[in-house]
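Notes for the structure review
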Amino acid sequence: MVERFSTLLAERAAIEIAGEDRAAFLQGLVSNDVTKVAADRAVYAALLTAQGKYLHDFFIAAIGDALYLDAEAARLADLVRRLSLYKLRAKVTLADRRDALIVAAAFGAEALAALGLPPEPGQAVAFGGGIAYVDPRLAALGARLLLPRAAGLAPLAAAGFAGADPDAYDRLRLSLGVPDGSRDLPVEKAILLEAGFDELNGVDWQKGCYVGQELTARTKYRALIKKRLLPVSLEGPLPPPGTPVMLGAEEAGELRSGRDGMALALLRLEMLEQASAGTPLMAGATRVKPEKPDWARF
């Protein structure tokens, strides 16, 4: 019985960052340590406003003499534009590479072993003319891949991966409580640590300055987090994203992305104890039951 699956992530696309200053250029901008990115290591990171609010999140991998960002396809032009504002005299080039590369996910009990990867977030290997790497957030999410568009998913099929619907991967993500870009993180509003970026290996606390670092660090060291994005199970129909979650007459948070009886919700931590004491959380007529992921620390 096949226990490994692959799917095309059509809502993702790649940006190529080339030139001798590529690592130094990104290092001063994003939340993770770009100097750790190599042929055998990928990282997860975010670009923030100067006030420390979310703009974009992405994965950074190295292929040959370039860095590649796996980011939201629909917002790729905005990401390129924002990065270009910081280019100045840096010896770097930025290019949308969706014409040449696809983004895929490989998951299931045997997925990492079939790709020759250890179950360690961020570990990477060359594969199929591109790269495969363990999801830097959680190994339980399997692997992400950048592959030549001309080959498509054929290298994965040849390695024994059965094709899966993207919805299956989305269900895995939701079950683990992992956010999916701007679907779950409102642009220019979300705070990284409310969405678990610390535990999901998206922030390096030892690196030098980057855009938005001051607020991010202050939020951590002064214990200012009052809300968390959590996986929830739903008893009733799926309400639309943005639906308020209520505890009696008080607003406890709001729903974000969801499907098939699962969702993510940003919830006020002070109200979780009240909800566990018997008062149900409701989103419209649907009961919302939050869960704390195994990886979360709060």
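Up top you'll find the structure we're talking about.
Fair warning: this is a prediction, and the values are worked out from it, not measured in the lab. (Residues numbered from 1 in each chain as written. Predicted model: local features only at pLDDT ≥ 70, side-chain atom pairs only at ≥ 80, totals over all residues. Heavy atoms only, no water.)

With that settled, consider the overall build of the protein. When helices and strands are counted, the protein shows seven helices and 17 strands. The C-alpha atoms of the protein give a radius of gyration of 19 Å, which matches the 19 Å a tight globule of 298 residues would have. Its C-alpha atoms put the protein at 55 × 50 × 30 Å along the principal axes. Expressed as a percentage of its 298 residues, the buried residues of the protein come to 51%. (Helix = DSSP H or I, 4+ residues; strand = E, 2+ residues; numbered from the N terminus. Rg over C-alpha atoms; globule rule 2.2 N^0.38 Å. Buried < 20%, exposed > 50% of the residue type's maximum accessible area, 1.4 Å probe, protein only.)

Moving on, we get to the side chain of Thr-216. Within the element layout of this structure, Thr-216 appears in helix 6 (residues 213–221). When its relative accessible area of 3% is taken as the criterion, Thr-216 is described as buried. Thr-216 has contacts with Leu-48, Leu-193, Trp-205 and Tyr-210, leaving out every residue within four places of it along the chain. (Contact = heavy atoms within 4.5 Å.)

Quick look at unusual backbone geometry now. Backbone geometry at Leu-88 places phi at a positive 45 degrees, although glycine is not the residue there. Relative to the helices and strands, Leu-88 resides in the loop between helix 2 (76–84) and strand 6 (93–96). On the accessibility criterion, Leu-88 (76% relative accessible area) is exposed.

Turning to the nonpolar core, a few remarks are in order. One finds Tyr-133, Leu-138, Val-178, Leu-192 and Phe-197 to be the most contacted residues of the largest nonpolar core, which totals 39 residues. At the level of secondary structure, the elements contributing two or more residues to this core comprise strand 2 (12–18), strand 3 (43–48), strand 4 (54–63), strand 5 (66–72), strand 7 (101–107), strand 9 (130–134), helix 5 (166–176) and strand 15 (262–268). Ranked by the residues each element gives to this core, the list is headed by strand 7, at four residues. Counting residues in each nonpolar core, the second largest holds 27 residues, with Ala-13, Ile-17, Ile-60 and Leu-76 among its members. (Core = buried A, V, L, I, M, F, W, Y, C linked by side-chain atoms within 4.5 Å.)

Here the focus is the sheet that holds strand 4. Ordered by their spatial adjacency, five strands build an open sheet running 3-4-5-2-6, and the pairing between neighbours is antiparallel. Edge positions in the sheet fall to strand 3 and strand 6, since each of these pairs with one other strand and no more. Looking at each pair of strands side by side, their axes are set apart by 30 degrees on average, direction ignored. The strands touched by helix 2 are strand 2, strand 3, strand 4, strand 5 and strand 6; relative to strand 2, the strand with the most contacts, the crossing angle is about 25 degrees. (Pairing = 2+ DSSP bridges. Axes fitted to C-alpha atoms, helices over the stretch in contact; angles between N-to-C directions.)

With respect to the element layout, Gly-130 can be found in strand 9. According to the relative accessible area criterion, Gly-130 is buried, its value standing at 9%. Sequence separation of Gly-130 and Ile-63 is 67 residues, and the distance between their C-alpha atoms is 7.0 Å. In this structure, Gly-130 is in contact with Ile-63, Leu-146 and Pro-148, ignoring residues within four places of it in sequence.

Turning our eyes to something else, we now look at the packing of aromatic side chains. Per the stated rule, a full pass over the model turns up six aromatic pairs. Judged by centre distance (5.8 Å) and plane angle (65 degrees), the rings of Trp-205 and Tyr-221 are edge-to-face. Placement of Trp-205 in the loop between helix 5 and helix 6 and of Tyr-221 in helix 6 is noted, with a sequence separation of 16 residues between them. Aromatic rings pair up to connect Tyr-44, Phe-59, Tyr-133 and Phe-197 into one cluster. The positively charged end of Arg-4 is found above the aromatic ring belonging to Phe-161, 5.7 Å away from the centroid. Above the plane of the ring of Phe-298 lies Lys-292, whose end atom (NZ or CZ) is 4.8 Å from the centre. (Phe/Tyr/Trp six-rings, centres within 6.5 Å; stacked < 30°, edge-to-face > 60°. Lys NZ or Arg CZ within 6 Å of the ring centre and 35° of its normal.)

With mixed pairing, the six strands of this open sheet are ordered in space as 8-9-10-7-1-11. A single partner strand is all that each edge strand has here, and the edge strands are strand 8 (124–127) and strand 11 (162–163). The sheet contact formed by strand 1 (residues 5–8) and strand 11 spans two bridges and is parallel. The residue bridging Ser-6 from the neighbouring strand is Gly-163, located in strand 11.

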